Amino acid sequence: MTCNHAAHLFPDILPFPALCLLEGIGGLTFPIMAFLLAEGWRHTSDIRRYEMRLAVFAGVSQIPYGLFLGLELNVLFTLLIGLLLLHFHTSAGWSARWWAAVAAGSVASLACDWGFVGVLMVLVCGLAPTRRQQALCCGALPAAGFGIPALLQVVAGDTAAVGTLLYAAGNLAAGGLLCFYDGRRGRPMKWFFYAYYPAHIAVLGLARGILLGI
């Protein structure tokens, strides 16, 4: 995540090979986030507190995100929409009400980082039958969506698309890594990771301002 954001914030400072490398590493991030969010949905003891916590940090993170990265809503809002839809699925099932909610959530996600694709990945991670299917689909969906167009651009001679192609390769690699997840809970570090998201954006943004005098 930090690598990906650094590539976005320092394109005029870092050499092109370094930017491509950072993009490739950054591609690992969101599939893992989507997968672990769905795991959290399955195992949380209080789904409403989980949703509230995610909403609060999404709001807090929007300040540095809006200042330094983009005008759209940050990726925590994308994850929140996916989580709300998974929660609603527990009571609504595959009913028309749930599909209507998915349609509404998909439209709302267009204002967010990763947009509809991100929400779809969360839903796949939550609702696909097996953990392996969840992991592979979570990596393959964005890899195909970003990678195929980027590959065509590279073949056509557009070297600027190499970074996007490597980002898609990172997405696919994340799906492969997630196949090795054994379902065991790791160290309880949720507060660190919640705080890290807005903090690292702020630090990178301030560093850019200092280096470039902006």
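Please read these numbers as outputs of a predicted model, since none were measured by experiment.

Thresholds applied
Residues numbered from 1 in each chain as written. Predicted model: local features only at pLDDT ≥ 70, side-chain atom pairs only at ≥ 80, totals over all residues. Heavy atoms only, no water. 1 Å grid on protein atoms, 1.4 Å probe; cavity = no way out; pocket = protein on both sides within 12 Å on 5 of 7 lines; lining within 4 Å. Points joined across faces, edges and corners; volume = space filled by probe spheres on them. Helix = DSSP H or I, 4+ residues; strand = E, 2+ residues; numbered from the N terminus. Nonpolar A, V, L, I, M, F, W, Y, C, P; charged D, E, K, R; others polar. Expected span 1.5 Å × (residues − 1). Buried < 20%, exposed > 50% of the residue type's maximum accessible area, 1.4 Å probe, protein only. Contact = heavy atoms within 4.5 Å. Lys, Arg positive; Asp, Glu negative; His and termini not counted. Salt bridge = Lys/Arg side-chain N within 4 Å of Asp/Glu carboxyl O. Axes fitted to C-alpha atoms, helices over the stretch in contact; angles between N-to-C directions. Parallel < 35°, antiparallel > 145°, perpendicular 65-115°, else oblique. Left-handed = near helix turned anticlockwise from the far one by under 90°. Phe/Tyr/Trp six-rings, centres within 6.5 Å; stacked < 30°, edge-to-face > 60°. Lys NZ or Arg CZ within 6 Å of the ring centre and 35° of its normal.

As a volume, the largest pocket reaches approximately 1400 Å³. For the lining of the largest pocket, the secondary structure elements donating two or more residues are α3 (29-43), α4 (47-68), α5 (75-92) and α10 (190-212). The element that contributes the greatest number of residues to the lining of the largest pocket is α3, accounting for eight residues. For the lining of the largest pocket, the class distribution of residues is 19 nonpolar, seven polar and eight charged. Considering the residues around the second largest pocket, the lining is formed by 20 residues, among which Asn4, His8, Asp113, Trp114 and Tyr167 are closest to the centre. Where the lining of the second largest pocket is concerned, the elements lending two or more residues are α1 (2-9), α2 (16-26), α3 and α9 (162-178). Looking at side-chain class alone, the lining of the second largest pocket contains 10 nonpolar, seven polar and three charged residues.

A word on helix α7 (residues 115-127). Between its first and last C-alpha, α7 extends 19 Å over 13 residues, near the 18 Å set by a 1.5 Å rise per residue. Here α7 has its buried residues at Gly115, Gly118, Val119, Met121, Val122, Leu123, Val124, Cys125 and Gly126. The inward-facing, buried residues of α7 contact α3, α5, α6 (96-109) and α8 (131-155).

This brings us to the side chain of Glu51. On the secondary structure map, Glu51 appears in helix α4. Although Glu51 lies buried, it forms no salt bridge, and the closest oppositely charged side chain, Arg48, sits 4.7 Å away as judged by the N-O distance.

Attention shifts here to the pattern of salt bridges. Close approach of charged atoms allows side chains of opposite charge to pair. Under the criterion given, the structure shown has three salt bridges. Arg208 is the partner of Asp12 in a salt bridge, and the nearest nitrogen-oxygen pair spans 3.2 Å. Of this pair, Asp12 sits in the loop between α1 and α2 while Arg208 sits in helix α10; the two residues are 196 residues apart in sequence, bridging distant segments of the chain.

Bringing the packing of α3 against α9 into the picture now. Packed helices, taken two at a time, are described by the angle their axes make and the gap between the axes. As a packed pair, α3 and α9 sit with axes 7 Å apart at the nearest point and diverge in direction by 40°. With respect to α9, the element α3 is oriented oblique. Of the residues in α9, those in contact with Pro31, Ile32 and Phe35 of α3 are Asn171, Ala174 and Leu178. Residues belonging to the contact of α3 with α9 are distributed by class as follows: five nonpolar, one polar and no charged.

Here we take up unusual backbone geometry. Look at Trp114: it is not a glycine, yet its phi comes out positive at around 75°. Tracing the chain through its elements places Trp114 in the loop between α6 and α7.

Next up on the list: the packing of α5 against α7. Where α5 meets α7, the closest approach of the two axes is 9 Å, and the angle between their N-to-C directions is 40°. Considering the angle they form, α5 stands oblique to α7. Between α5 and α7 the crossing geometry is right-handed. Residues Thr78, Leu79, Ile81, Gly82, Leu83, Leu85, Leu86 and His89 of α5 form the contact with α7, whose participating residues are Gly115, Gly118, Val119, Val122, Leu123, Gly126 and Leu127. Here the residues of the contact of α5 with α7 are counted per class, giving nine nonpolar, six polar and no charged.

A separate point is the packing of aromatic side chains. Per the stated rule, a full pass over the model turns up 13 aromatic pairs. Judged by centre distance (5.2 Å) and plane angle (75°), the ring pair of Phe192 and Phe193 falls under edge-to-face. A residue is classified by how much of its surface remains accessible, and Phe192, at 46% relative accessible area, is partly exposed. Feature note: the residues Phe30, Trp114, Phe146 and Tyr167 constitute an aromatic cluster, connected by ring pairs. Taking the ring centre of Trp191 as reference, the NZ or CZ of Arg53 above it sits at 5.6 Å.

Any functional reading would require information beyond the geometric quantities listed.
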